[in-house]
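The lines below spell out each chain.
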Amino acid sequence: MTNVTRVLGAAIKSGALFSLLIGSAWAQQPNLYLDQQEIDEIRQKIDAQESPWIQAYDDLLDRAQDALSESPDPVSGVYPNDKTPPRAHYQAITQDSNHALVLALAYVFTDDSQYAQKSRTFINAWVNNLDPVSSQYQQGIELSITLPSFFFAADLIWNSGMLTASEKTAFQDWARDFGYALINTESSCCGKTHNINNWEWAAELAAGVVSGEQYLIDRAIERFQSVTGSRYLPDGRFKSEGTRSFTYSFFALTALTTLAEGARHQGVDLYGYEVNGFSLQRAAFDHFNWYVDRDYPGSNPNYSEVTSTGYTGIAEIYHSLYGDAIYEEAIAEYGGRPTYDRWIFGPLTLTHGLRNLPVSGDSGSPMPPPPPPPPGANESAPPQDLVAD
């Protein structure tokens, strides 16, 4: 256990303010969803041509080579609050954030600067064009499932020498401002147990890490903890998603996993944070059992849709954390390795597969509510009249 982890754990246990050491923590980039020690361990697997890492690595390089020939297509101004097909804005941010990520990952596993340079091109294009504004739920969900890939990419290439000092400052300002914008968006829909709020918290935490804004990290963790006891139905389903569809349940599980993986790298275990017998660890175990056994207790299970939309790639994370055989079965059901997360993480077999991940930090005591945001940060959202589908 690191000194940072000991301090954070002690702070949580004592009920003390959680705002600690983020400046020095992010000085050790990368540290959002991967750290340098993890990268070095994966590179050893690649160098040894070990399976399944070498196959996942080859798949990553194929994707990165394709991305090298692409050009950014950023949205200028405010991101549209419009889900009318064909939603060109959503297609653009989805594709470009994924390009930025696969290029950044290719850089850290090859040291080839062409990948970092092109990832920089994608990141800067969006920083320089997209205003960090969000007030409506449709904006919030689409930004929350794409921006963290840009944040992840920037974290990975931060020390590559490709980003200038002014570009780093502009990026951190942009990420921080989006974090606060998403806080304002939360009240537009649909409650703290809903997947939309869960995704917004995941994006806020990621924004806080890469911008050095501790308040965003604290608040996202506190929000996660505050609804752990009320998030679940008695049979373990998510309260807000269990009566909609199994696909939406996996969508929420992916959001919470994204948040928890970011928190794990900050020394906080949200996977095992438990209230009244419920935890994210249990939710994942239940969901993957329902998926493999085809016995989801709610409506609209649509197991083939869960497979085809790529939700089960996060089984890699839970298998590496806990080792339960059900996750291997789910990966086989998904189509085998290498897995690829379509939302934030990308090549999960490469980055998180078969790795005995440590669950560090303390999860036994709730955090105190974070302090008010710093001066100039607006956390009050105007009244909204949109209703979620």
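Criteria and thresholds
- Residues numbered from 1 in each chain as written.
- Predicted model: local features only at pLDDT ≥ 70, side-chain atom pairs only at ≥ 80, totals over all residues.
- Heavy atoms only, no water.
- Helix = DSSP H or I, 4+ residues; strand = E, 2+ residues; numbered from the N terminus.
- Contact = heavy atoms within 4.5 Å.
- Polar contact = N/O pair within 3.5 Å; in protein donor to acceptor, adjacent residues only side chain to side chain.
- Core = buried A, V, L, I, M, F, W, Y, C linked by side-chain atoms within 4.5 Å.
- Buried < 20%, exposed > 50% of the residue type's maximum accessible area, 1.4 Å probe, protein only.
- Axes fitted to C-alpha atoms, helices over the stretch in contact; angles between N-to-C directions.
- Parallel < 35°, antiparallel > 145°, perpendicular 65-115°, else oblique.
- Left-handed = near helix turned anticlockwise from the far one by under 90°.
- Nonpolar A, V, L, I, M, F, W, Y, C, P; charged D, E, K, R; others polar.
- Expected span 1.5 Å × (residues − 1).
- Disulfide = S-S within 2.5 Å.
- pLDDT = per-residue confidence, 0-100.
- Salt bridge = Lys/Arg side-chain N within 4 Å of Asp/Glu carboxyl O.
- Phe/Tyr/Trp six-rings, centres within 6.5 Å; stacked < 30°, edge-to-face > 60°.
- Lys NZ or Arg CZ within 6 Å of the ring centre and 35° of its normal.

### Some words on the environment of Lys239
Here is step 1 of the chain: Residue position: Lys239 is located in the loop between helix 11 (214–226) and helix 12 (246–264).
Here is step 2 of the chain: With near-sequence residues (within four places) excluded, Lys239 lies in contact with Ser230, Arg231, Tyr232 and Leu233.
Here is step 3 of the chain: Of the polar contacts made by the side chain of Lys239, one reaches the backbone oxygen of Ser230; its length is 3.0 Å.

### As for the nonpolar core
Here is step 1 of the chain: Counting residues in each nonpolar core, the largest one holds 118 residues, and the members touching the most others are Phe109, Phe151, Trp174, Leu253 and Phe288.
Here is step 2 of the chain: Counting residues per element, this core draws most heavily on helix 5 (residues 88–110), which supplies 13 residues.
Here is step 3 of the chain: Filtering out sequence-adjacent residues up to four positions away, Trp174 remains in contact with Trp126, Val127, Leu130, Pro132, Leu147, Phe150 and Phe151.

### Describing the packing of helix 7 (residues 137–144) against helix 10 (residues 195–211)
Here is step 1 of the chain: Following both chains from N to C, one finds helix 7 and helix 10 inclined at 50°, their axes separated by 9 Å at the closest point. One way to sum up the angle between helix 7 and helix 10 is to call them oblique. Considering how the two elements wind past one another, helix 7 and helix 10 form a crossing that is left-handed. Across from Tyr137, Gly140, Ile141 and Ser144 in helix 7, the residues of helix 10 making contact are Asn195, Ile196, Trp199, Glu200 and Ala203.
Here is step 2 of the chain: For the contact of helix 7 with helix 10, the per-class residue count stands at five nonpolar, three polar and one charged.

### Remarks on helix 6 (residues 113–127)
Here is step 1 of the chain: Taking 1.5 Å per residue as the helical rise, helix 6 with its 15 residues ought to reach 21 Å, and the 21 Å between its terminal C-alpha atoms agrees with that figure.
Here is step 2 of the chain: Among the 15 residues of helix 6, 11 are classified as buried, and the element is accordingly described as predominantly covered.
Here is step 3 of the chain: For helix 6, the elements touching its buried residues are helix 4 (53–68), helix 5, helix 8 (147–157) and helix 9 (165–185).

### Focus: the state of the cysteines
Here is step 1 of the chain: Evaluation of the coordinates by the stated rule reveals one disulfide.
Here is step 2 of the chain: There is a disulfide in this structure between Cys189 and Cys190, and the S-S distance comes to 1.3 Å.
Here is step 3 of the chain: Accessibility expressed as a relative area gives 6% for Cys189, which makes it buried.

### Considering the confidence of the model for the protein
Here is step 1 of the chain: Summary statistics for the protein give a mean pLDDT of 87 and a share of 85% for residues scoring 70 or more.
Here is step 2 of the chain: For residues 1–26, every residue scores under 50 in pLDDT, and the model assigns this stretch 47 contacts once sequence neighbours within four places are set aside.

### Here's the deal with the pattern of salt bridges
Here is step 1 of the chain: Applying the stated rule across the entire model yields 19 salt bridges.
Here is step 2 of the chain: In this structure, the salt-bridge partner of Asp286 is Arg282, at a minimum N-O distance of 3.2 Å. Residue Asp286 and its partner Arg282 are both found in helix 13 (residues 280–293); the two are separated by four residues, about one turn of the helix.
Here is step 3 of the chain: The exposure class assigned to Arg282 is partly exposed, which follows from its relative accessible area of 28%.
Here is step 4 of the chain: Linked through salt bridges whose partners overlap, the residues forming this network are Glu38, Glu261, Arg264 and Arg355.

### Some details on the environment of Thr185
Here is step 1 of the chain: One can find Thr185 in helix 9.
Here is step 2 of the chain: Residue classification places Thr185 among the buried residues on the basis of a relative accessible area of 0%.
Here is step 3 of the chain: Measuring from C-alpha to C-alpha, the distance between Thr185 and Ser135 comes to 4.4 Å, with 50 residues separating the pair along the chain.

### Regarding helix 9
Here is step 1 of the chain: For helix 9, with 21 residues, the first-to-last C-alpha span of 30 Å sits near the 30 Å given by 1.5 Å per residue.
Here is step 2 of the chain: Every buried residue of helix 9 is accounted for by Glu167, Phe171, Trp174, Ala175, Phe178, Gly179, Tyr180, Ala181, Leu182, Ile183, Asn184 and Thr185.
Here is step 3 of the chain: Residues of helix 9 that are buried in the fold lie against helix 6, helix 7, helix 8, helix 10 and helix 11.

### A closer look at the packing of aromatic side chains
The description of two aromatic rings rests on the distance between their centres and on the angle between their planes.
Here is step 1 of the chain: With the rule as written, the count across this model stands at 26 aromatic pairs.
Here is step 2 of the chain: On the numbers, 5.1 Å between centres and 90° between planes, the contact of Tyr33 with Phe152 is edge-to-face. With Tyr33 in the loop between helix 2 (22–26) and helix 3 (36–47) and Phe152 in helix 8, this pair connects stretches of sequence that are 119 residues apart. Grouping residues by exposure puts Tyr33 and Phe152 together as buried.
Here is step 3 of the chain: Taking 5.4 Å as the distance between ring centres and 70° as the angle between the ring planes, the aromatic pair formed by Trp290 and Tyr296 counts as edge-to-face.
Here is step 4 of the chain: Among the residues examined, Trp290 registers a relative accessible area of 10% and is labelled buried.
Here is step 5 of the chain: Here the aromatic residues Phe246, Phe250, Tyr271, Phe288, Trp290, Tyr291, Tyr296, Tyr303, Tyr318 and Tyr327 are joined through ring pairs into a cluster of three or more.
Here is step 6 of the chain: Above the plane of the ring of Tyr340 lies Arg63, whose end atom (NZ or CZ) is 3.6 Å from the centre.

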